[in-house]
Amino acid sequence: LSKHFEDSNVPAVLPKYLPGDWKGAFVLLVMVFVLSSFLDNIAAALIGGAMAHTVFRGKVHIGYLAAIVAASNAGGSGSVVGDTTTTMMWISGVSPLSVLHAYVAAAVALVVCGIPAALQQHKYSPIMKYEPGAQVDWARVGIVAFILVTAIVANVYVNVLHGDIADRFPFIGVAVVLAVLVAVPLRKPDWSVLPEATKGTIFLLSLVTCASMMPVEKLPAASWQSAMTLGFVSAVFDNIPLTALALKQGGFDWGMLAYTVGFGGSMIWFGSSAGVAISNMYPEAKNAGRWLVHGWHVTLAYVVGFFVLLAVLGWQPTPKRGDLPLTPKAPVNAPAVPAR
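Residues numbered from 1 in each chain as written. Predicted model: local features only at pLDDT ≥ 70, side-chain atom pairs only at ≥ 80, totals over all residues. Heavy atoms only, no water.

Enquirer: Explanation requested: the packing of aromatic side chains in the structure shown.
Expert: In this description, a pair of aromatic rings is defined by centroid distance and the angle of the planes. In the structure shown here, the tally under the stated rule is twelve aromatic pairs. Aromatic pair phenylalanine 169 and phenylalanine 171: ring centres 5.1 Å apart, planes at 65 degrees, arrangement edge-to-face. Consider the rings of phenylalanine 306 and phenylalanine 307, whose centres lie 5.4 Å apart with planes at 90 degrees: the pair is edge-to-face. Given a relative accessible area of 0%, phenylalanine 306 falls into the buried group. Taking relative accessible area as the criterion, phenylalanine 307 reaches 37% and is therefore assigned partly exposed. Site record: aromatic cluster; members linked through ring pairs are Phe232, Tyr259, Phe263 and Tyr302. Residue placement shows lysine 59 over the ring face of tyrosine 124; its charged tip is 5.4 Å from the ring centre. (Phe/Tyr/Trp six-rings, centres within 6.5 Å; stacked < 30°, edge-to-face > 60°. Buried < 20%, exposed > 50% of the residue type's maximum accessible area, 1.4 Å probe, protein only. Lys NZ or Arg CZ within 6 Å of the ring centre and 35° of its normal.)

Now the structure itself:
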(Lines give C-alpha, C1' and ligand atoms only; values in the text may rest on other atoms or scores of the structure.)
Protein backbone atom coordinates (compact mmCIF):
# COMPACT_ATOMS: atom_id res chain seq x y z
CA LEU A 1 0.00 0.00 0.00
CA SER A 2 2.69 2.51 0.98
CA LYS A 3 4.73 1.58 -2.12
CA HIS A 4 1.69 2.25 -4.32
CA PHE A 5 1.39 5.64 -2.63
CA GLU A 6 5.08 6.47 -3.02
CA ASP A 7 5.06 5.45 -6.70
CA SER A 8 1.99 7.64 -7.33
CA ASN A 9 4.30 10.72 -7.14
CA VAL A 10 1.96 12.44 -4.69
CA PRO A 11 4.84 12.83 -2.18
CA ALA A 12 6.91 14.54 -4.89
CA VAL A 13 4.16 17.14 -5.34
CA LEU A 14 3.74 17.79 -1.60
CA PRO A 15 6.59 20.35 -1.31
CA LYS A 16 4.50 22.64 -3.51
CA TYR A 17 1.99 22.93 -0.67
CA LEU A 18 4.12 22.40 2.45
CA PRO A 19 6.06 25.21 4.18
CA GLY A 20 9.71 25.16 3.20
CA ASP A 21 11.26 25.16 6.68
CA TRP A 22 10.77 22.99 9.78
CA LYS A 23 7.07 23.81 9.77
CA GLY A 24 6.70 21.66 6.64
CA ALA A 25 8.00 18.65 8.58
CA PHE A 26 5.55 19.42 11.38
CA VAL A 27 2.61 19.74 8.97
CA LEU A 28 3.49 16.30 7.58
CA LEU A 29 3.18 14.88 11.12
CA VAL A 30 -0.22 16.56 11.47
CA MET A 31 -1.27 14.90 8.20
CA VAL A 32 -0.26 11.50 9.62
CA PHE A 33 -2.25 12.26 12.79
CA VAL A 34 -5.39 13.10 10.79
CA LEU A 35 -5.01 10.12 8.44
CA SER A 36 -4.74 7.75 11.39
CA SER A 37 -8.02 8.98 12.88
CA PHE A 38 -10.10 7.44 10.08
CA LEU A 39 -7.73 4.92 8.49
CA ASP A 40 -5.52 2.91 10.80
CA ASN A 41 -2.32 3.76 12.62
CA ILE A 42 -0.29 1.23 10.59
CA ALA A 43 -1.50 2.56 7.23
CA ALA A 44 -1.02 6.17 8.36
CA ALA A 45 2.52 5.46 9.55
CA LEU A 46 3.42 3.72 6.30
CA ILE A 47 2.00 6.56 4.21
CA GLY A 48 3.86 9.04 6.43
CA GLY A 49 7.05 7.06 5.99
CA ALA A 50 6.58 7.06 2.22
CA MET A 51 6.01 10.82 2.17
CA ALA A 52 9.05 11.46 4.36
CA HIS A 53 11.27 9.26 2.16
CA THR A 54 10.47 11.43 -0.85
CA VAL A 55 10.29 14.96 0.57
CA PHE A 56 13.49 14.51 2.61
CA ARG A 57 15.34 12.74 -0.24
CA GLY A 58 15.65 9.45 1.64
CA LYS A 59 17.42 11.01 4.63
CA VAL A 60 15.01 10.74 7.56
CA HIS A 61 16.23 11.36 11.11
CA ILE A 62 15.47 8.56 13.57
CA GLY A 63 13.89 11.10 15.93
CA TYR A 64 11.53 12.07 13.13
CA LEU A 65 10.70 8.41 12.45
CA ALA A 66 9.76 8.08 16.12
CA ALA A 67 7.55 11.15 15.73
CA ILE A 68 5.81 9.63 12.68
CA VAL A 69 4.98 6.54 14.76
CA ALA A 70 3.88 8.76 17.66
CA ALA A 71 1.67 10.87 15.38
CA SER A 72 0.01 7.79 13.90
CA ASN A 73 -0.60 6.26 17.34
CA ALA A 74 -1.87 9.57 18.72
CA GLY A 75 -4.23 10.07 15.81
CA GLY A 76 -5.68 6.59 16.19
CA SER A 77 -6.09 6.71 19.96
CA GLY A 78 -9.43 8.52 20.01
CA SER A 79 -11.07 6.63 17.14
CA VAL A 80 -12.38 3.06 17.16
CA VAL A 81 -11.27 2.67 13.52
CA GLY A 82 -7.89 4.32 14.08
CA ASP A 83 -5.98 1.74 16.09
CA THR A 84 -6.03 -2.00 16.68
CA THR A 85 -6.41 -1.40 20.43
CA THR A 86 -9.41 0.93 20.10
CA THR A 87 -11.03 -1.48 17.63
CA MET A 88 -10.56 -4.23 20.23
CA MET A 89 -12.37 -2.01 22.73
CA TRP A 90 -15.18 -1.46 20.25
CA ILE A 91 -15.50 -5.21 19.65
CA SER A 92 -15.72 -5.75 23.40
CA GLY A 93 -18.60 -3.31 23.77
CA VAL A 94 -16.90 -0.03 24.65
CA SER A 95 -18.80 2.92 23.14
CA PRO A 96 -16.91 4.93 20.49
CA LEU A 97 -17.70 8.04 22.56
CA SER A 98 -15.89 6.51 25.55
CA VAL A 99 -12.51 6.71 23.77
CA LEU A 100 -13.03 10.05 22.01
CA HIS A 101 -11.56 12.15 24.84
CA ALA A 102 -8.18 10.49 24.24
CA TYR A 103 -7.69 13.28 21.69
CA VAL A 104 -7.27 15.80 24.51
CA ALA A 105 -3.98 14.13 25.45
CA ALA A 106 -3.12 13.09 21.88
CA ALA A 107 -3.32 16.64 20.48
CA VAL A 108 -1.05 17.97 23.22
CA ALA A 109 1.40 15.10 22.73
CA LEU A 110 1.53 15.75 18.97
CA VAL A 111 2.65 19.33 19.54
CA VAL A 112 5.13 18.47 22.31
CA CYS A 113 6.94 15.81 20.27
CA GLY A 114 6.19 17.10 16.78
CA ILE A 115 7.97 20.45 17.01
CA PRO A 116 11.32 19.10 18.34
CA ALA A 117 11.18 16.26 15.80
CA ALA A 118 10.50 18.70 12.95
CA LEU A 119 13.48 20.80 14.05
CA GLN A 120 15.65 17.65 14.19
CA GLN A 121 14.63 16.70 10.68
CA HIS A 122 15.10 20.21 9.27
CA LYS A 123 18.64 20.31 10.63
CA TYR A 124 19.39 16.79 9.37
CA SER A 125 17.83 17.08 5.91
CA PRO A 126 15.51 19.99 5.01
CA ILE A 127 12.38 19.41 2.99
CA MET A 128 13.16 19.48 -0.71
CA LYS A 129 12.05 22.33 -2.91
CA TYR A 130 9.19 21.72 -5.31
CA GLU A 131 10.40 20.68 -8.72
CA PRO A 132 7.82 21.27 -11.47
CA GLY A 133 7.17 18.40 -13.82
CA ALA A 134 6.21 15.63 -11.43
CA GLN A 135 3.17 13.81 -12.81
CA VAL A 136 0.75 12.24 -10.36
CA ASP A 137 -0.22 8.67 -11.24
CA TRP A 138 -3.92 8.97 -10.46
CA ALA A 139 -4.46 5.27 -11.08
CA ARG A 140 -2.20 4.44 -8.14
CA VAL A 141 -3.88 7.14 -6.03
CA GLY A 142 -7.20 5.48 -6.84
CA ILE A 143 -5.82 2.07 -5.85
CA VAL A 144 -4.61 3.44 -2.49
CA ALA A 145 -8.02 5.03 -1.88
CA PHE A 146 -9.78 1.81 -2.89
CA ILE A 147 -7.69 -0.31 -0.50
CA LEU A 148 -8.20 2.09 2.41
CA VAL A 149 -11.95 2.45 1.82
CA THR A 150 -12.24 -1.35 1.64
CA ALA A 151 -10.46 -1.65 5.00
CA ILE A 152 -12.67 0.99 6.64
CA VAL A 153 -15.91 -0.49 5.27
CA ALA A 154 -14.91 -4.00 6.38
CA ASN A 155 -14.00 -2.72 9.83
CA VAL A 156 -17.24 -0.78 10.35
CA TYR A 157 -19.50 -3.43 8.79
CA VAL A 158 -18.12 -6.31 10.84
CA ASN A 159 -18.05 -4.44 14.13
CA VAL A 160 -21.48 -2.84 13.78
CA LEU A 161 -23.44 -5.78 12.38
CA HIS A 162 -21.40 -8.82 13.39
CA GLY A 163 -19.55 -7.78 16.52
CA ASP A 164 -19.98 -11.25 18.03
CA ILE A 165 -17.64 -12.79 15.45
CA ALA A 166 -15.38 -9.79 14.75
CA ASP A 167 -12.47 -11.24 16.71
CA ARG A 168 -12.72 -14.76 15.29
CA PHE A 169 -11.46 -14.08 11.77
CA PRO A 170 -9.11 -11.47 10.20
CA PHE A 171 -11.88 -9.79 8.18
CA ILE A 172 -9.99 -6.52 7.66
CA GLY A 173 -6.78 -8.23 6.58
CA VAL A 174 -8.56 -10.45 4.09
CA ALA A 175 -10.48 -7.45 2.72
CA VAL A 176 -7.21 -5.56 2.16
CA VAL A 177 -5.56 -8.55 0.44
CA LEU A 178 -8.55 -8.96 -1.89
CA ALA A 179 -8.51 -5.24 -2.70
CA VAL A 180 -4.81 -5.43 -3.59
CA LEU A 181 -5.41 -8.44 -5.85
CA VAL A 182 -8.42 -6.85 -7.56
CA ALA A 183 -6.27 -3.82 -8.46
CA VAL A 184 -3.43 -5.90 -10.00
CA PRO A 185 -4.67 -5.50 -13.62
CA LEU A 186 -4.59 -1.71 -13.20
CA ARG A 187 -1.16 -1.37 -11.56
CA LYS A 188 1.10 -4.25 -10.51
CA PRO A 189 2.13 -4.09 -6.83
CA ASP A 190 5.80 -4.14 -5.88
CA TRP A 191 5.95 -7.72 -4.57
CA SER A 192 9.64 -7.28 -3.69
CA VAL A 193 8.64 -5.60 -0.40
CA LEU A 194 6.95 -8.76 0.89
CA PRO A 195 9.99 -10.73 2.19
CA GLU A 196 11.14 -7.93 4.51
CA ALA A 197 7.57 -7.14 5.55
CA THR A 198 7.01 -10.80 6.37
CA LYS A 199 9.95 -10.77 8.79
CA GLY A 200 8.41 -7.80 10.59
CA THR A 201 5.02 -9.49 10.68
CA ILE A 202 6.45 -12.67 12.22
CA PHE A 203 8.33 -10.58 14.77
CA LEU A 204 5.18 -8.67 15.73
CA LEU A 205 3.07 -11.83 15.98
CA SER A 206 5.75 -13.40 18.18
CA LEU A 207 5.63 -10.40 20.51
CA VAL A 208 1.85 -10.57 20.73
CA THR A 209 1.85 -14.32 21.33
CA CYS A 210 4.44 -14.13 24.12
CA ALA A 211 2.72 -11.19 25.77
CA SER A 212 -0.69 -12.88 25.66
CA MET A 213 0.59 -15.55 28.06
CA MET A 214 0.56 -13.05 30.94
CA PRO A 215 -2.22 -13.96 33.42
CA VAL A 216 -4.87 -11.26 33.84
CA GLU A 217 -4.68 -11.36 37.64
CA LYS A 218 -1.19 -9.87 37.43
CA LEU A 219 -2.56 -6.51 36.24
CA PRO A 220 -2.89 -3.84 38.95
CA ALA A 221 -6.35 -2.56 39.90
CA ALA A 222 -7.83 -0.09 37.42
CA SER A 223 -6.83 3.50 38.26
CA TRP A 224 -5.23 6.46 36.54
CA GLN A 225 -1.89 5.41 38.02
CA SER A 226 -2.14 1.92 36.55
CA ALA A 227 -3.31 3.32 33.20
CA MET A 228 -0.25 5.56 33.06
CA THR A 229 2.02 2.67 34.04
CA LEU A 230 0.54 0.48 31.30
CA GLY A 231 1.61 3.14 28.80
CA PHE A 232 5.24 2.68 29.77
CA VAL A 233 4.84 -1.09 29.80
CA SER A 234 3.35 -1.01 26.29
CA ALA A 235 6.65 0.35 24.96
CA VAL A 236 8.26 -3.05 25.58
CA PHE A 237 5.28 -5.38 25.96
CA ASP A 238 3.17 -4.49 22.89
CA ASN A 239 -0.15 -2.76 23.39
CA ILE A 240 -2.43 -5.40 21.82
CA PRO A 241 -2.22 -8.05 24.58
CA LEU A 242 -2.15 -5.33 27.25
CA THR A 243 -5.46 -4.01 25.93
CA ALA A 244 -6.91 -7.53 25.90
CA LEU A 245 -5.94 -7.97 29.54
CA ALA A 246 -7.41 -4.61 30.52
CA LEU A 247 -10.67 -5.42 28.74
CA LYS A 248 -10.94 -8.71 30.64
CA GLN A 249 -10.36 -6.91 33.92
CA GLY A 250 -12.64 -3.92 33.22
CA GLY A 251 -13.10 -0.74 35.23
CA PHE A 252 -10.85 1.53 33.16
CA ASP A 253 -11.28 4.97 31.70
CA TRP A 254 -11.17 3.69 28.14
CA GLY A 255 -10.19 6.98 26.53
CA MET A 256 -7.28 7.39 28.92
CA LEU A 257 -6.26 3.76 28.41
CA ALA A 258 -6.50 4.13 24.62
CA TYR A 259 -4.09 7.05 24.81
CA THR A 260 -1.64 5.39 27.20
CA VAL A 261 -1.32 1.98 25.53
CA GLY A 262 -1.50 3.56 22.05
CA PHE A 263 0.85 6.52 22.34
CA GLY A 264 2.96 4.80 25.01
CA GLY A 265 3.92 2.13 22.50
CA SER A 266 5.69 4.81 20.44
CA MET A 267 8.51 5.15 22.97
CA ILE A 268 10.36 2.13 21.51
CA TRP A 269 10.20 0.93 17.91
CA PHE A 270 8.70 -2.49 18.68
CA GLY A 271 6.13 -1.15 21.16
CA SER A 272 3.42 -0.79 18.52
CA SER A 273 2.44 -2.24 15.16
CA ALA A 274 3.09 1.14 13.53
CA GLY A 275 6.65 1.16 14.90
CA VAL A 276 7.36 -2.30 13.54
CA ALA A 277 5.94 -1.26 10.16
CA ILE A 278 8.09 1.89 9.98
CA SER A 279 11.16 -0.11 10.99
CA ASN A 280 10.57 -2.42 8.04
CA MET A 281 10.80 0.64 5.78
CA TYR A 282 13.78 2.10 7.67
CA PRO A 283 15.92 -0.74 9.10
CA GLU A 284 18.20 1.76 10.87
CA ALA A 285 15.30 2.42 13.26
CA LYS A 286 15.62 -1.09 14.74
CA ASN A 287 17.82 0.15 17.54
CA ALA A 288 16.06 0.72 20.87
CA GLY A 289 18.91 2.80 22.26
CA ARG A 290 19.03 5.23 19.33
CA TRP A 291 15.22 5.39 19.26
CA LEU A 292 15.14 6.42 22.94
CA VAL A 293 18.00 8.91 22.65
CA HIS A 294 16.87 10.67 19.46
CA GLY A 295 13.16 10.20 20.16
CA TRP A 296 13.35 11.62 23.71
CA HIS A 297 10.52 14.01 22.88
CA VAL A 298 8.07 11.10 22.52
CA THR A 299 8.47 10.12 26.18
CA LEU A 300 8.17 13.76 27.25
CA ALA A 301 5.06 14.19 25.10
CA TYR A 302 3.50 11.05 26.61
CA VAL A 303 3.84 12.38 30.16
CA VAL A 304 2.71 15.93 29.35
CA GLY A 305 -0.29 14.73 27.33
CA PHE A 306 -1.36 12.32 30.06
CA PHE A 307 -1.34 14.90 32.85
CA VAL A 308 -3.16 17.46 30.69
CA LEU A 309 -5.91 14.88 30.11
CA LEU A 310 -6.01 14.01 33.83
CA ALA A 311 -6.16 17.68 34.82
CA VAL A 312 -8.88 18.58 32.31
CA LEU A 313 -11.20 15.56 32.52
CA GLY A 314 -9.95 13.46 35.42
CA TRP A 315 -10.43 9.70 35.76
CA GLN A 316 -13.71 8.61 34.11
CA PRO A 317 -14.14 4.81 34.22
CA THR A 318 -17.09 3.53 32.18
CA PRO A 319 -18.56 0.03 31.85
CA LYS A 320 -18.49 -2.06 28.70
CA ARG A 321 -21.70 -3.26 27.07
CA GLY A 322 -23.26 -5.87 29.33
CA ASP A 323 -21.17 -4.93 32.38
CA LEU A 324 -22.79 -3.72 35.57
CA PRO A 325 -22.66 0.05 36.14
CA LEU A 326 -19.52 1.09 38.00
CA THR A 327 -21.57 3.21 40.44
CA PRO A 328 -24.61 1.31 41.81
CA LYS A 329 -27.86 3.25 41.59
CA ALA A 330 -30.08 3.66 44.67
CA PRO A 331 -33.39 1.74 44.65
CA VAL A 332 -36.28 3.63 43.10
CA ASN A 333 -38.32 3.51 46.31
CA ALA A 334 -35.42 4.39 48.60
CA PRO A 335 -36.40 6.98 51.25
CA ALA A 336 -35.11 10.47 50.59
CA VAL A 337 -32.39 11.77 52.86
CA PRO A 338 -33.82 14.72 54.84
CA ALA A 339 -32.13 18.06 54.23
CA ARG A 340 -30.25 19.62 57.10
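Still more to cover.
Enquirer: It is not clear to me how the pattern of salt bridges should be interpreted in this structure. Could you clarify?
Expert: Pairing between side chains becomes possible if they bear opposite charge and their charged atoms approach one another. Tallied over the full model, the rule gives five salt bridges. Here aspartate 190 ties to lysine 3 by a salt bridge, and the two come within 3.7 Å at their closest N and O atoms. Remark: lysine 3 occurs in helix H1 (residues 2-7) and aspartate 190 occurs in the loop between helix H10 (171-182) and helix H11 (194-211); sequence separation between them is 187 residues. Of the residues examined, aspartate 190 reaches a relative accessible area of 29% and is grouped as partly exposed. Aspartate 137 serves as the salt-bridge partner of arginine 187, at 3.1 Å between the closest nitrogen and oxygen. Highlighted residues: arginine 187 in the loop between H10 and H11 and aspartate 137 in the loop between helix H8 (102-124) and helix H9 (138-161), separated in sequence by 50 residues. A relative accessible area of 19% means that aspartate 137 is categorised as buried. Among the charged side chains, a salt-bridge network with shared partners connects Lys3, Asp7 and Asp190. (Salt bridge = Lys/Arg side-chain N within 4 Å of Asp/Glu carboxyl O. Helix = DSSP H or I, 4+ residues; strand = E, 2+ residues; numbered from the N terminus.)

Enquirer: Got a minute to help me understand H10 in this structure?
Expert: Helical periodicity: at 3.6 residues per turn, an α-helix aligns residues three or four positions apart in one direction. The terminal C-alpha atoms of H10 lie 16 Å apart, and with twelve residues this matches the ideal 16 Å at 1.5 Å per residue to within 8%. Ala175, Ala179 and Val180 are the residues of H10 that are buried. Angular distribution of buried residues about the axis of H10 spans 135 degrees; they occupy a single face of the element. Of the surrounding secondary structure, the elements contacted by the buried residues of H10 are H9. (Expected span 1.5 Å × (residues − 1). Arc of directions from axis to C-beta. Contact = heavy atoms within 4.5 Å.)

Enquirer: Please explain H8 as it appears in this structure.
Expert: Taking 1.5 Å per residue, 23 residues should reach 33 Å; H8 reaches 32 Å between its end C-alpha atoms and fits that length. A bend of about 30 degrees at glycine 114 is the largest found in H8, and the proline proline 116 appears one to four places after it. Burial in H8 covers these residues: Ala102, Ala105, Ala106, Ala109, Leu110, Cys113, Gly114, Pro116, Ala117, Ala118, Gln120 and Gln121. Residues of H8 that are buried in the fold lie against helix H3 (22-38), helix H5 (62-76), helix H7 (97-100), helix H14 (254-264), helix H16 (288-294) and helix H17 (296-313). (Bend = angle between axes of the 7 residues up to and from the residue.)

Enquirer: Mind showing me how you'd approach the confidence of the model for the protein here?
Expert: Residues at a pLDDT of 70 or more form 92% of the protein, whose mean pLDDT is 85. In the model, residues 324-340 has pLDDT below 50 throughout and makes six contacts with residues more than four positions away in sequence or in other chains. (pLDDT = per-residue confidence, 0-100.)

Enquirer: Which parts of the structure should I look at to understand the packing of helix H6 (residues 84-91) against H14?
Expert: The packing of two helices is summarised by the inter-axis angle and the distance between the axes. Put simply, H6 and H14 touch, their axes get as near as 9 Å, and they point 150 degrees apart. One element, H6, and the other, H14, form an angle in the roughly antiparallel class. The way H6 lies across H14 gives a crossing that is right-handed. Contact with H6, carried on its side by Thr85, Thr86 and Met89, involves Trp254, Leu257, Ala258 and Val261 of H14 and no other residues of that element. Per-class residue counts for the contact of H6 with H14 are five nonpolar, two polar and no charged. (Axes fitted to C-alpha atoms, helices over the stretch in contact; angles between N-to-C directions. Parallel < 35°, antiparallel > 145°, perpendicular 65-115°, else oblique. Left-handed = near helix turned anticlockwise from the far one by under 90°. Nonpolar A, V, L, I, M, F, W, Y, C, P; charged D, E, K, R; others polar.)

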